Every structure is written in C-alpha cells, then in structure tokens.
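Each chain, letter by letter, is given below.
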Amino acid sequence: MSERTDCAGMAALSICEALLLAMKDLQVLPEHEVVGVLRDAAAFHENADGTGTDAEGHHAAASLIHQIIANGNPVRKP
C-alpha cells in the first residue's frame, strides 16, 4: 500500500473509533451494540472474496478488529 493509502486508513479508523466512542458516551448506542458493529465489520472482512494481497488485507483487517474488541479502548479505561 502507498503511504497515502496507509494515512487514509489510519484517519478512517480514528474517525470511526471516535464516532463509536461518542455514541457510547452519549448513550446513543449501548456498549453491546458498539461491539456488535465491530463484529459485523470483522465478519465482512472474514467473508470477503479475494485472493493474494486482497485476502491478506481482509484477514489483517478482521484480525485488527478482533483485537480492538478484545482489548477495548485502553485510553478510556480507568
């Protein structure tokens, strides 16, 4: 991936994380719904079609999402 693509991906992840945290903090979504959104996103990548680099990218994305679910947000934990 190009550096520009990597930066866009990091920015998108940060924006999505901030939106999910804000929705949880404002009680728009309960925590189990936020986790459900993350699980849905991981499932998309686990079931995505593709070969080679595409498949590796989807696998890596699913793995990262599962890590986020497992670890929560350490910055926000007391």
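Thresholds, definitions, all that
Residues numbered from 1 in each chain as written. Predicted model: local features only at pLDDT ≥ 70, side-chain atom pairs only at ≥ 80, totals over all residues. Heavy atoms only, no water. Helix = DSSP H or I, 4+ residues; strand = E, 2+ residues; numbered from the N terminus. Buried < 20%, exposed > 50% of the residue type's maximum accessible area, 1.4 Å probe, protein only. Contact = heavy atoms within 4.5 Å. Areas by Shrake-Rupley, 256 points an atom, 1.4 Å probe, with all protein chains shown as cover. Lys, Arg positive; Asp, Glu negative; His and termini not counted. Charge placed at Lys NZ, Arg CZ, Asp CG, Glu CD. pLDDT = per-residue confidence, 0-100. Core = buried A, V, L, I, M, F, W, Y, C linked by side-chain atoms within 4.5 Å. Expected span 1.5 Å × (residues − 1). Arc of directions from axis to C-beta.

Enquirer: Looking at this structure, I do not really get the overall build of the protein chain. What am I missing?
Expert: Counting secondary structure elements, the protein chain contains 3 helices and 0 strands. Reading the helices (α) and strands (β) of the protein chain from amino to carboxyl end gives α-α-α. Within the protein chain, the proportion of its 78 residues that are buried is 14%. Considering only contacts within the protein chain whose residues lie at least 6 apart along the sequence, 42% involve residues at least 24 apart. Counting every atom, the protein chain has about 6100 Å² of accessible surface; 60% of that belongs to carbon and sulfur. Across the protein chain, the 5 positively charged side chains and the 11 negatively charged ones have centroids separated by 11 Å.

Enquirer: Mind showing me how you'd approach the confidence of the model for the protein chain here?
Expert: Chain-level statistics for the protein chain give a pLDDT mean of 87 and a share of 91% at 70 or above. When the elements of the protein chain are averaged for pLDDT, helix 1 (residues 3–25) gives the smallest value, 90, and helix 2 (residues 31–47) the largest, 95.

Enquirer: Please clarify how the nonpolar core should be interpreted in this entry.
Expert: Generally speaking, soluble globular proteins have nonpolar side chains that are buried together. Leu 20, Val 34, Leu 38, Ala 42 and Ile 65 together form the largest nonpolar core, which totals 5 residues. Counting residues per element, this core draws most heavily on helix 2, at 3 residues. Sequence-distant contacts of Ile 65, that is, excluding residues within four places in its chain, are made with Leu 38, Ala 41, Ala 42 and His 45.

Enquirer: Where do I start with helix 3 (residues 53–71) in this structure?
Expert: Because an α-helix packs 3.6 residues into every turn, residues spaced three or four apart end up facing the same way. For helix 3, with 19 residues, the first-to-last C-alpha span of 27 Å sits near the 27 Å given by 1.5 Å per residue. Three or more residues of helix 3 are buried, namely His 58, Ala 62 and Ile 65. Projected onto a plane normal to the axis of helix 3, the buried residues spread over an arc of 60 degrees and lie on a single side. Structural note: helix 3 exposes Thr 53, Glu 56, His 59 and Ala 70 on the side pointing more than 90 degrees away from its buried face. Here the buried face of helix 3 lies against helix 2. Where helix 3 terminates, the next one or two residues include Gly 72, which has phi positive at roughly 65 degrees.

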